[in-house]
Amino acid sequence: VARAAVSRGLSWREATVADVVRETPRASSLIIDVPDWAGHRAGQHVDVRVTAADGYRAQRSYSIASAPEDEHVALTVERLPGGEVSPFLVDGISVGDPVELRGPLGGWFVWDQELGGPLLLVAGGSGIVPLRAILRHRVLCGSDVPVQLLYSARAVDEIIYREELRALEGADGLTILLALTRRWPADWTGRRGRFHQSYLDEVATSALERPLVYVCGPTGFVEAVADGLLDLGHDPDRIRTERFGGTSP
Amino acid sequence: VNQPSNWVDGNAIAGVLFAVFRVEMTAEAVSCAACATTRRIADLEVFTHAHGVVVRCPSCHASMLVIVSRGEMACVDVSGILMSSAPRGVASDS
């Protein structure tokens, strides 16, 4: 195959910010009205394009936080130090502002009811975002596949969707295990520190149950967790990963 | 684990690939022309630079795809990929 060039095809859509919800000191959810949104699959992302007053344009990919059943498209964005787009989306955007999107995108890091379970979801930092879409979709589509969520954040106040996860915990078939890697309260009963292989071996759904695994987070986090799960005998064909660079939580 | 990693994965180029090939590509399996390892596009290593995107084989790190965008146009060099046939639905008019 030589070179493929060019093309039209996937167009940018003008959308409007309907609400902004502060999730943590570094992350906000943008609730977005997208005219004629044709729907998405849980786990997909969109490309977001912003244009500065001087005409300079930049685009980034952000995971969709909402379930396909939700009324609006929600994106949860975490501010990256030195970032070009994320500080604007977290701190500089207001209700009523326009935003350009293209998508939904991605056909691999997705979960539909037909894919079944059990599900093992592993999130580092804002890697929780597409997994939250999967958790919501599982409930809203009436699936009863068992799901285990392992979520690593830096500190309690950096746990995105903390109240929602707390409310979900204990629901049928859902287990949530939280790890804090930098600071924890004296009475913290969850994991203190990273998800090392010995911890995954101890708590994660066993490879014998053949879970469908979704790992999302910073590249180093995903590499470490995916390698650990492979060493524990998980089937590489049942591990789906999404890495977004940056530093580990 | 604490090292910053300067690459992301192939999920990040779903948009530009869709724009060029007019079909979702990240679940497609492709083989490296250098070492013949076959991986899904979602699992390739993506390095974003000022002038474009270089996509490398996670096994031997050879360049598999180079994407250069200017405005609404994107040029994709796929010479680092072995393909026996065009992926599903790729437009044949290019």
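Cut-offs and rules
- Residues numbered from 1 in each chain as written.
- Chains lettered and ligands numbered in written order.
- Predicted model: local features only at pLDDT ≥ 70, side-chain atom pairs only at ≥ 80, totals over all residues.
- Heavy atoms only, no water.
- Helix = DSSP H or I, 4+ residues; strand = E, 2+ residues; numbered from the N terminus.
- Buried < 20%, exposed > 50% of the residue type's maximum accessible area, 1.4 Å probe, protein only.
- Contact = heavy atoms within 4.5 Å.
- Areas by Shrake-Rupley, 256 points an atom, 1.4 Å probe, with all protein chains shown as cover.
- Rg over C-alpha atoms; globule rule 2.2 N^0.38 Å.
- Lys, Arg positive; Asp, Glu negative; His and termini not counted.
- Charge placed at Lys NZ, Arg CZ, Asp CG, Glu CD.
- Polar contact = N/O pair within 3.5 Å; in protein donor to acceptor, adjacent residues only side chain to side chain.
- Pairing = 2+ DSSP bridges.
- Salt bridge = Lys/Arg side-chain N within 4 Å of Asp/Glu carboxyl O.
- Phe/Tyr/Trp six-rings, centres within 6.5 Å; stacked < 30°, edge-to-face > 60°.
- Lys NZ or Arg CZ within 6 Å of the ring centre and 35° of its normal.
- pLDDT = per-residue confidence, 0-100.
- Axes fitted to C-alpha atoms, helices over the stretch in contact; angles between N-to-C directions.

Before going further, it helps to examine the overall build of chain B. Across its full length, chain B holds one helix and eight strands. Each helix and strand of chain B, placed in order from N terminus to C terminus, yields the pattern β-α-β-β-β-β-β-β-β. Across the 94 residues that make up chain B, the buried fraction comes to 48%. When contacts within chain B are restricted to residue pairs at least 6 apart in sequence, those whose partners lie at least 24 apart make up 43%. Of the roughly 4,600 Å² of accessible surface on chain B, 53% is carried by carbon and sulfur atoms.

With that settled, consider the overall build of chain A. A tally of regular secondary structure across chain A gives five helices and 13 strands. By the compact-globule yardstick of 18 Å for 249 residues, chain A fits well, its C-alpha radius of gyration being 18 Å. Put simply, chain A shows about 10,800 Å² of open surface, and 49% of that area lies on carbon and sulfur atoms. Distance between charge centres in chain A, computed from 26 positive and 34 negative side chains, equals 5 Å.

All right, on to the side chain of Asp112(A) then. Residue and element names in this part refer to chain A. Along the chain, Asp112 turns up in the loop between strand S7 (98-105) and strand S8 (119-124). Relative accessible area serves as the criterion here: at 15%, Asp112 is assigned to the buried category. Within polar-contact distance, the side chain of Asp112 engages the side chain of Arg41 at 2.5 Å. Beyond its immediate chain neighbours, meaning those up to four positions away, Asp112 contacts Arg41 and His137.

Turning our eyes to something else, we now look at the sheet that holds strand S2 (residues 29-32) of chain B. All names here are of chain B. Read across the open sheet, the three strands follow the order S3-S2-S8; overall the sheet is antiparallel. For this open sheet the edge positions go to strand S3 (38-40) and strand S8 (81-82), each flanked by a neighbour on one side alone. In the sheet, S2 pairs with S8 via two bridges, with the strands oriented antiparallel. Counterpart to Cys32 in the pairing with S8 is Ile81.

Residues and elements named next belong to chain B. Counting buried positions along helix H1 (residues 14-21) yields seven of eight residues, so the element is predominantly enclosed. Where H1 is concerned, the buried positions are Ala14, Gly15, Val16, Leu17, Ala19, Val20 and Phe21. Backbone geometry just after H1 places Arg22 at a positive phi near 60 degrees.

So, on to the environment of Val110(A). Residue and element names in this part refer to chain A. Residue placement: Val110 occurs in the loop between S7 and S8. The spatial distance from the C-alpha of Val110 to the C-alpha of Ala58 is 26 Å, given a sequence separation of 52 residues. Apart from residues no more than four positions distant in its own chain, Val110 is found in contact with Arg41, Ala42, Gly43, Gln44, Leu115, Tyr214 and Arg240.

Of note, His45(A) is situated in strand S4 (residues 45-51). Under the relative-accessibility criterion, His45(A) is labelled buried at 3%. In terms of polar contacts, His45(A) uses its side chain to reach the backbone carbonyl oxygen of Asn11(B), at 3.1 Å. If we skip the residues at most four places from it in the chain, His45(A) touches Ser61(A), Tyr62(A), Ser63(A), Ile64(A), Pro104(A), Leu105(A), Gly106(A), Glu242(A), Asn11(B) and Ala14(B).

Residues and elements named next belong to chain A. Counted by the stated rule, this structure contains 16 salt bridges over all chains. Residue Arg102 is joined to Asp47 by a salt bridge in which the shortest nitrogen-to-oxygen separation is 3.0 Å. With Arg102 in strand S7 and Asp47 in strand S4, this residue pair connects regions lying 55 residues apart in the sequence. Per residue, the accessibility class of Arg102 equals that of Asp47, and both read buried. One salt bridge in this structure joins Arg79 and Asp91, with 2.7 Å as the shortest N-O distance. Remark: Asp91 occurs in helix H1 (residues 86-92) and Arg79 occurs in the loop between strand S6 (73-78) and H1; sequence separation between them is 12 residues.

Another aspect to go through is the packing of aromatic side chains. All names here are of chain A. In total, this model carries three aromatic pairs over all chains according to the counting rule given. Ring geometry for Phe195 against Phe221: centres 6.2 Å apart, planes inclined by 55 degrees, an arrangement best described as tilted. With Phe195 in the loop between strand S11 (191-192) and helix H4 (197-203) and Phe221 in helix H5 (residues 219-231), the pair connects residues that are 26 residues apart, well separated along the chain. Among the aromatic side chains, those forming a connected cluster through ring pairs are Phe195, Tyr199 and Phe221. If you follow Arg191 out to its NZ or CZ, it ends over the ring of Tyr199, 4.5 Å from the centre.

With that settled, the discussion passes to the confidence of the model for chain A. Per-residue confidence for chain A averages 92 on the pLDDT scale, and 95% of its residues sit at or above 70. Taken as a whole, residues 1-9 of chain A scores under 50 in pLDDT and shows 24 contacts with residues more than four places along the chain or in a different chain.

Moving on: the sheet that holds strand S3 (residues 27-33) of chain A. The sheet built from six strands is open, its strands ordered S5-S4-S7-S2-S3-S6 (chain A) with antiparallel pairing. Each having just a single partner strand, strand S5 (57-63) and S6 of chain A make up the two edges of the open sheet. Between one strand and the next, the sheet's axes are offset by a mean angle of 40 degrees, whatever the strand orientation. Inspection of the sheet shows strand S2 (residues 13-24) of chain A paired to S7(A) by four bridges, in the antiparallel sense. Pairing of Thr16(A) across the sheet is with Pro98(A), part of S7(A). Those strands touched by H1(B) are S4 and S7 of chain A, and its axis lies near 75 degrees from that of S7(A).

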